[in-house]
Amino acid sequence: MLKFTVVDIDGEPIARHLTAAEAAHIILTDDGRDYEIRQQDHGFVLWTRQQVANRPWEKTVLFSYAPTFASAEIDIFHGVTSAHWPRHPEAMTDLQFDAIAAEA
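Looking at this model, I keep getting lost on the overall build of the chain. Mind explaining?
Along its length, the chain carries three helices and six strands. Of the regular secondary structure in the chain, the N- to C-terminal order runs β-β-α-β-β-β-α-β-α. What you see for the chain is a C-alpha radius of gyration of 14 Å, in line with the 13 Å of a compact globule of 104 residues. Once the C-alpha set of the chain is aligned to its principal axes, its extents read approximately 45 × 35 × 15 Å. Per-residue burial over the chain gives 38% buried out of 104 residues. Sequence separation of 24 or more characterises 40% of the internal contacts of the chain that already satisfy a separation of 6 or more. When the accessible surface of the chain is split by element, carbon and sulfur atoms take 54% of a total near 6,600 Å². If the 8 positive side-chain charges of the chain are averaged to one point and the 16 negative ones to another, these points end up 7 Å apart.

Which parts of the structure should I look at to understand the packing of aromatic side chains?
Pairs of aromatic rings are described using the distance from one ring centre to the other and the angle between the two planes. According to the stated counting rule, one finds three aromatic pairs in the structure shown. The positively charged end of Arg-38 is found above the aromatic ring belonging to Trp-47, 4.4 Å away from the centroid.

Please explain the environment of Ala-72 as it appears in this structure.
Note on placement: Ala-72 falls in helix H2 (residues 69-82). In this structure the C-alpha to C-alpha distance between Ala-72 and Arg-38, which are 34 residues apart in sequence, comes to 9.9 Å. With sequence-adjacent residues up to four places away left out, Ala-72 is seen in contact with Phe-44, Ser-64 and Ala-66.

Mind showing me how you'd approach the packing of helix H1 (residues 20-28) against H2 here?
How two helices pack is summed up by the angle between their axes together with the distance between the axes. Contact geometry of H1 with H2 gives a least axis separation of 8 Å together with a crossing angle of 60°. By the angle between their directions, the pair H1 and H2 is classed as oblique. In this structure, H1 meets H2 at a crossing whose hand is left-handed. Only Phe-77, His-78, Val-80 and Thr-81 of H2 make contact with H1, whose side of the interface consists of Ala-20, Ala-21, Ala-23, Ala-24, Ile-27 and Leu-28. Here the residues of the contact of H1 with H2 sort into eight nonpolar, two polar and no charged.

Cut-off values and rules
Residues numbered from 1 in each chain as written. Predicted model: local features only at pLDDT ≥ 70, side-chain atom pairs only at ≥ 80, totals over all residues. Heavy atoms only, no water. Helix = DSSP H or I, 4+ residues; strand = E, 2+ residues; numbered from the N terminus. Rg over C-alpha atoms; globule rule 2.2 N^0.38 Å. Buried < 20%, exposed > 50% of the residue type's maximum accessible area, 1.4 Å probe, protein only. Contact = heavy atoms within 4.5 Å. Areas by Shrake-Rupley, 256 points an atom, 1.4 Å probe, with all protein chains shown as cover. Lys, Arg positive; Asp, Glu negative; His and termini not counted. Charge placed at Lys NZ, Arg CZ, Asp CG, Glu CD. Phe/Tyr/Trp six-rings, centres within 6.5 Å; stacked < 30°, edge-to-face > 60°. Lys NZ or Arg CZ within 6 Å of the ring centre and 35° of its normal. Axes fitted to C-alpha atoms, helices over the stretch in contact; angles between N-to-C directions. Parallel < 35°, antiparallel > 145°, perpendicular 65-115°, else oblique. Left-handed = near helix turned anticlockwise from the far one by under 90°. Nonpolar A, V, L, I, M, F, W, Y, C, P; charged D, E, K, R; others polar.

Shown next as structure tokens:
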């Protein structure tokens, strides 16, 4: 099973050996943020908001046309772990992190 490391904006590890869902949760809840996966039209869409500033929910570009919520959640969480999120922690596989750490 593929495991992930989440790093902060300085590249320091926050958590290691995570599932995609665990890594996505850390990224999506960073700095007082919240998220929901909502059913919309014929699929599922990731929505986020920043609770601290009491901002409204914003639709993201991550979506899935999977037939079930559980399948869509997996698709979307894999999208979160492979995306670049400005000013957010980021995920990489444990193997990628180990390779970077070995070069340092």
